Each structure stands twice: as C-alpha cells, then as structure tokens.
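Chains, contacts and geometry: an overview
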Amino acid sequence: MATRSQGITVTWDGTPFEEVSDLAWTYGGGPSKGRGVIWTDDLGSVTLTCLGGANTSTANYGQRKAVVISGGGATLTHKAVYESIGVACELNGVTRYTVTLKLVDE
C-alpha cells in the first residue's frame, strides 16, 4: 500500500520550515575504498520547497545544524550544511523557496 505524503514537517536547528510543498532526500553515495575502509564523501542531500519565509535567509548559507524530517514515511535526522537557496516569485501568486541541505558526518 502506498504511503501518503501528508503531515510532513522539516526543521532546521529546531525551527520549522513553513508550508513545505515538496521534499526529496537521498542518503548515501558511491562508496570509495581506501586503506582498508569503505567510506564516502557524499552522504546525501535534502531538497525542499516551501511557501513560508522561515529558514530561508541567505545568512544560513554554510551553517552546519541538525535537520529533522518526520511524517509521510520520510523520517530523517542528521547534521547538514545549508548549501543553497533559490527563490521564485509568481506575479499575483506566491513566493516559493527551494532550499538544499548537504548531509555531513556527525
């Protein structure tokens, strides 16, 4: 049975993103081998689009904090770096904020 994508919340350092409309995250990348260990330098990323302005300041760029995602079968808790923000305004419509967070080692 399909998992409904509803009731999803995303927080950045405890502050929720407002009105999340799209969410996608990946965990893990291609493993590399080195000196007897398997590791990756790409833990994954989180990309979300929201309609509210919370957590959408350029002052967040480069900050390393906890991202917590819950609901809709999309649960994840991890440290992440605020990698980018995109803003799209629609005439007589709404402003959409797209944020990308890069997952990093704890």
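Below: a short report on this structure. Predicted model only: the values in this text are computed from it and were never measured. (Residues numbered from 1 in each chain as written. Predicted model: local features only at pLDDT ≥ 70, side-chain atom pairs only at ≥ 80, totals over all residues. Heavy atoms only, no water.)

This part covers the overall build of the protein. Helix and strand counts for the protein come out as zero helices and nine strands. When the helices and strands of the protein are placed in sequence order, the string is β-β-β-β-β-β-β-β-β. Projecting the C-alpha coordinates of the protein onto the three principal axes gives extents of approximately 60 × 40 × 25 Å. Within the protein, contacts between residues separated by at least 24 positions form 59% of all contacts whose residues are at least 6 apart in sequence. Accessible area of the protein: about 6700 Å², with a carbon and sulfur share of 50%. (Helix = DSSP H or I, 4+ residues; strand = E, 2+ residues; numbered from the N terminus. Contact = heavy atoms within 4.5 Å. Areas by Shrake-Rupley, 256 points an atom, 1.4 Å probe, with all protein chains shown as cover.)

Another aspect to go through is the packing of aromatic side chains. With the rule as written, the count across this model stands at one aromatic pair. With a centroid separation of 5.6 Å and an interplanar angle of 70°, the aromatic rings of Trp12 and Tyr82 are classed as edge-to-face. On the criterion of sequence distance, the pair formed by Trp12 in strand S1 (residues 9-12) and Tyr82 in strand S8 (residues 76-89) is long-range, its members being 70 residues apart. Overall, the relative accessible area of 2% leaves Trp12 in the buried class. (Phe/Tyr/Trp six-rings, centres within 6.5 Å; stacked < 30°, edge-to-face > 60°. Buried < 20%, exposed > 50% of the residue type's maximum accessible area, 1.4 Å probe, protein only.)

On to the sheet that holds S1, then. Across the sheet, seven strands lie side by side as S2-S1-S7-S8-S9-S6-S3; this open sheet has antiparallel pairing. The outermost strands of the open sheet, each flanked by one partner alone, are strand S2 (15-16) and strand S3 (20-27). As paired elements, strand S6 (residues 44-50) and strand S9 (residues 95-103) share six bridges and run antiparallel to each other. Bridging from a neighbouring strand, Val46 pairs with Leu101 of S9. (Pairing = 2+ DSSP bridges.)

We now examine the environment of Gln6. Position of Gln6 relative to the elements: it lies in the segment before S1. Considering only alpha carbons, one finds Gln6 and Asn60, 54 residues apart in sequence, at a separation of 27 Å. Beyond its immediate sequence surroundings of up to four residues, Gln6 is in contact with Gly71 and Gly72.

Moving on, we come to the pattern of salt bridges. In a structure, side chains of opposite charge can pair up when their charged atoms sit close to one another. In the structure shown here, the tally under the stated rule is two salt bridges. The shortest N-O distance in the salt bridge between Lys65 and Asp13 comes to 3.9 Å. Taken together, the residues Lys65 in strand S7 (residues 64-70) and Asp13 in the loop between S1 and S2 connect sequence positions 52 residues apart. Its salt-bridge partner being Asp42, residue Lys102 comes within 2.9 Å of it at the nearest N-O pair. Of the two residues, Lys102 is situated in strand S9 and Asp42 in the loop between strand S5 (37-39) and S6; the sequence distance between them amounts to 60 residues. (Salt bridge = Lys/Arg side-chain N within 4 Å of Asp/Glu carboxyl O.)

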